[in-house]
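Examination of the molecular architecture
Spelled out from the first residue to the last, the chains are:
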Amino acid sequence: MKDAFSTFHPVVNFTYFTAVLLFSMFFMHPVFLGVSLTCSFLYSTLLKGKKIIRFNLLYLLPCMLLMAVINPAFNHAGVTILFYLKNGNPVTLESILYGLAAAAMFMAVILWFSCYNAVMTADKFVYLFGRIIPALSLVLSMVLRFVPRYKVQIQVISTAQQGIGRNVTNGNIFERARNGLQILSIMTTWALENAIETADSMKSRGYGLPGRTSFSIFRFDRRDQTVFGAMLLLVVIILAGAAAGYNTMRFFPSLKLPPPDAFSFGVYCAYLALCLMPVIIDLAEELKWKHIRSGL
Amino acid sequence: MEAYQIRALSFTYPLREKPALKKINLTVKQGEFITVCGKSGSGKSTLLRHLKTVLTPHGKTQGEIFFQGRPLAESDRRTQAASIGFVLQNPDNQIVTDKVWHELAFGLESLGMDNKTIRLRVAEMASFFGIQTWFRKNVAELSGGQKQLLNLASIMAMQPSVLVLDEPTGQLDPIAAADFLGTVKKINRELGTTIIMTEHRLEEVLPMSDRVVVMDEGEIIIDDTPRRAGERLKEMRHDLFLAMPSPVQIYAGVNSDLPCPITVQDGRQWLNALPINARAHEAPAAQCCQEPAPRPNTKRPPDIQLQEIWFKYDRDLPDAVKDLSLEVAAGQFYGIVGGNGTGKTTALSIIGGILRPYRGRVRILGQDILKASAANAREQVLNRIAMLPQNPQLLFVKKTVELDLYEILAGTRLSQEEKRQKVQDVCALTELDGLLKMHPYDLSGGEQQRAALAKVLLREPQILLLDEPTKGLDGHFKIKLAGILEKLTARGVTVVMVSHDIEFCACYADVCALFFDGGIITQNTPRAFFSGNSFYTTAANRMARHIFPAAVTIEDVIEACRNNL
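All values derive from a computational prediction rather than experimental measurement.

Time to look at the overall build of chain A. Along the backbone of chain A there are nine helices and two strands. Along chain A, from the amino end to the carboxyl end, the secondary structure elements read α-α-α-β-β-α-α-α-α-α-α. By principal-axis analysis of the C-alpha atoms, chain A measures approximately 70 × 65 × 45 Å. Taking all 296 residues of chain A together, 29% fall into the buried category. Considering only residue pairs separated by 6 or more positions, chain A has 69% of its internal contacts joining residues 24 or more positions apart.

So, on to the pairing of strand β3 (residues 33-37) of chain B. Residue and element names in this part refer to chain B. Within β3, five of the five residues are buried, which leaves the element mostly enclosed by the surrounding structure. Here β3 shows two buried faces, one formed by Phe33, Thr35 and Cys37 and the other by Ile34 and Val36. Of the pairings in the sheet, the one linking β3 to strand β8 (residues 194-198) comprises four bridges and is parallel in character. Counterpart to Phe33 in the pairing with β8 is Ile195. In terms of strand pairing, β3 meets strand β9 (residues 211-216) through four bridges, oriented parallel. Across the sheet, Ile34 pairs through a bridge with Arg211, a residue of β9.

Residue and element names in this part refer to chain B. Read across the sheet, six strands follow the order β6-β7-β8-β3-β9-β10 without closing on themselves; strand pairing throughout is mixed. Looking at strand neighbours, the two that pair on one side only are β6 (84-87) and β10 (219-224), the edges of this open sheet. When the angles between neighbouring strand axes are averaged without regard to direction, this sheet yields 15°. Helix α9 (residues 226-236) contacts β9 and β10 of the sheet and is inclined by roughly 130° relative to β10.

With that settled, consider the confidence of the model for chain B. Residues of chain B with pLDDT of at least 70 account for 96%, and the chain-wide mean is 88. Model confidence for the complex: the whole-complex pTM is 0.85, and ipTM, which rates the interface, is 0.86.

Bringing the nonpolar core into the picture now. In terms of nonpolar packing, the biggest core is built from 175 residues, with B:Ala153, B:Ile196, B:Leu465 and B:Val557 touching the most fellow members. In contact with B:Ala153, other than residues within four places in its own chain, are B:Leu104, B:Met125, B:Ala126, B:Phe129 and B:Ile131.

Let us look at helix α12 (residues 344-351) of chain B. Residue and element names in this part refer to chain B. The element α12 is largely enclosed, with a buried count of eight among its eight residues. All of the buried residues in α12 are Lys344, Thr345, Thr346, Ala347, Leu348, Ser349, Ile350 and Ile351. Of the residues trailing α12, Gly353 is marked for its positive phi of about 75°.

On to the interface of chain B and chain A, then. Every contact between the two is made by 46 residues of chain B and, on the other side, 38 residues of chain A. Residue assignment for the side of chain B that touches chain A shows that the elements contributing at least two residues are α2 (77-83), α3 (91-94), α4 (100-110), α5 (115-129) and β16 (385-388) of chain B. At eight residues, α4(B) tops the list of elements feeding residues into the side of chain B that touches chain A. Tallied by class, residues from the side of chain B that touches chain A come to 26 nonpolar, 12 polar and eight charged.

Our focus in this paragraph is the sheet that holds strand β20 (residues 519-524) of chain B. Residues and elements named next belong to chain B. One open sheet holds the six strands; their spatial order is β16-β17-β18-β13-β19-β20, and the pairing between them is mixed. The sheet is open, and its two edges are formed by β16 and β20, each paired on a single side. Each strand axis lies, on average, 20° off the axis of its neighbour in the sheet, ignoring direction. Note that strand β13 (residues 333-338) and strand β18 (residues 494-499) share five bridges and pair parallel. Bridging across to β18, Phe333 finds its partner in Val495.

This part covers the environment of A:Phe220. Residue and element names in this part refer to chain A. Relative to the helices and strands, Phe220 resides in the loop between α7 (173-204) and α8 (222-243). The class for Phe220 is partly exposed, based on 13 C-beta atoms found within 10 Å. Once the C-alpha coordinates of Phe220 and Val11 are considered, the two residues, 209 residues apart in sequence, prove to be 8.5 Å apart. Contacts of Phe220, omitting those with residues within four sequence positions, involve His9, Val11 and Gln225.

Put simply, side chains in a regular strand alternate between the two faces of the sheet. All names here are of chain B. In terms of burial, β8 is largely enclosed, as five of its five residues are buried. Covered by surrounding structure in β8 are Thr194, Ile196 and Thr198 together with Ile195 and Met197, the residues of both alternating faces. Here strand β7 (residues 162-166) runs beside β8; their pairing, made up of five bridges, is parallel. Paired with Asp166 across the strands is Thr198, a residue of β8. Once the chain exits β7 it traverses helix α7 (residues 174-191) before rejoining the sheet at β8, and the crossover so formed is right-handed.

What describes two packed helices is the angle between their axes and the distance between those same axes. Residues and elements named next belong to chain B. At their nearest, the axes of α4 and α5 sit 10 Å apart, and the two run at 120° to each other. Overall, the two elements α4 and α5 adopt an arrangement that is oblique. The handedness of the crossing between α4 and α5 is right-handed. Across from Trp101, Leu104, Ala105 and Leu108 in α4, the residues of α5 making contact are Ile118, Arg121, Val122, Met125 and Ala126.

About the criteria used
- Residues numbered from 1 in each chain as written.
- Chains lettered and ligands numbered in written order.
- Predicted model: local features only at pLDDT ≥ 70, side-chain atom pairs only at ≥ 80, totals over all residues.
- Helix = DSSP H or I, 4+ residues; strand = E, 2+ residues; numbered from the N terminus.
- Buried ≥ 20, exposed ≤ 12 C-beta atoms within 10 Å, placed from the backbone.
- Contact = placed C-beta atoms within 7 Å.
- Pairing = 2+ DSSP bridges.
- Axes fitted to C-alpha atoms, helices over the stretch in contact; angles between N-to-C directions.
- pLDDT = per-residue confidence, 0-100.
- Core = buried A, V, L, I, M, F, W, Y, C linked by C-beta atoms within 7 Å.
- Nonpolar A, V, L, I, M, F, W, Y, C, P; charged D, E, K, R; others polar.
- Right-handed = clockwise from strand over helix to strand, strands pointing away.
- Parallel < 35°, antiparallel > 145°, perpendicular 65-115°, else oblique.
- Left-handed = near helix turned anticlockwise from the far one by under 90°.

Written out as structure tokens, the structure reads:
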């Protein structure tokens, strides 16, 4: 399935990920952590298909469990002592729960970052930072052009050297090192020499004239406005909750959750809505598409 | 109105005695299509670079250049950036950004246009060039021909009134080159843009041009219509002929009072108009088109033997080489021709032991190089193969050609005297004397090719593998290269060449093979090979095949004409 959320304006995408990443990192509250972890898992599965489930179960889950176990082994704060280790240190319920919470937080952040990578492609990133510093946008764009190009060229040079019996796979260790260095040296000369022509091409097309603008193919349309507005509203509600102290809990010395009331429930709902936003958008888009097709 | 008016322009590079341009006088009218031709180093590129101030090389300049009636120096950078477009030879080097759309917008961004205007201009150009489907692609995904079209489109988006092209198709294969030149002609015809270009592929460019400017040693020796230029060159008996299309070269070799043909079609009519003996085509064997004498048959087994080779680059990728079998005898010059992406270069790398097929057998000099048990013997065999890469620059590592040549002998146990002797021998063979003190990157394309060849030859290979050695070379360098290869094969060196250059293979190879879809479809001696094909054959053969079916090279046709007049 094609992801609809990535078709939004880069500003929307970027703001969204900044918000959920920061919230996931700072709100150590079971409800918040649970919501963030579940939603990030759902969205990453939606983006990357079933492959990612296996990866999560195989690597992330054991990693999380390990963190939950290691924390109480080193952290002995807390009032609810469960038992004593052989060296006399206590293992407390609080430290176990804190370990679990921290592990959940890590996993959620990793999952959100994997979604970020899939949605925020290089051109969106270039666009965003080009807005702030126009010269940087061109530099980033050129880097993205030249890095893959140089990688290919290194391969070509290495093949050419192999053709005359010089390669990192030939000879003893000193010869190999020498051949490897030689490839780098050829690469440098080649890159510098060819950059002259690139510079000519840039000058010839007026680069360096004052008043350069930055073209982009992105447009902030009404759909972006709606989603961006909704997103900001949710963020404000969540921040209000944070200001009121609803979004974190106390682990040490004893566990203490903020009191559940109507406002805190509202904040939880807002957070759920925010984290589920891409999934909701994707599903709504899918349903709409099916509806249009069946209406024909 | 004149687009350009050049008066008595002379130019000398710093630290050089000889001027690169001598008293050039040239007028280019608005909307004209002008082709500048001449040997490498005749000053073509230097002249073109004077047409735009930011690209003008440093040095001593005399004379005046007027652009649209005003001195060029007086029009500011902004005007020049927009109204003079410049396309260079290497498609890759000119691309600056990573996305096609960004590249198209690059020049317009520099001019400070707003988003809306850029959007319109870019859309217009993408539609005109038919490249709208690549609009959101990464430039790395494009082929060489597509990249060069992108360069052209991103310059045309600035709506220049003059387009200057410096050997734009030098790095492209024939199909992509024809496509590119077709687009240039379309721009000239439909937009009225003035075109000034230098080009090696005169076969396609001359028929499009309004005027041809021939340069030699920094001077303009001819400035006339293509037809008249051909006739003038014939009168002057100038060796620049070698750069001319086949019909013009044939015209020059045969006495006639008819006007000079430019295209193959013209050439056929011209041949029809010649008073050729009516019975000439009845005796094809008598058309003086003998194959070169076969090489003395030695008892040695073939140097290269491939048996049913299969190769793919990755498990999930399609096969690049399929069921390929070939044999190359010792001392043979074996030419492989065929389209782009058919697996020719891959096959060459397999012979060179760089790539390993997953099925089949490779015997080099009688040794099965795929056998795991014979690793030592394999190493020895591979040491006797040398491969010249497509880009000769990739072999240079030192400051001068001489040091570079000694570098390859560095690992050997030769005495200083022996080394000097070897370098001298190879320089004599590849005609490098006089270039030894230069930096390899300062040499021209053809000279670089010879320097790289010299370096490769110092390893004294028994088998020489060449990948597109004639790419971007002019006719003179090709003849030199052919001479060197001839000397090598006479010494018993086996040469395998992969090329798009049908003319070169037809003239000099012992055996030609057509590569298609990962394998060799047919192979034969050049005369038999090309006279049997109707599309994939030399221009000379296409022009004369209705009268002299067996004449393949230009010399064949000239000789056949002379004998039958």
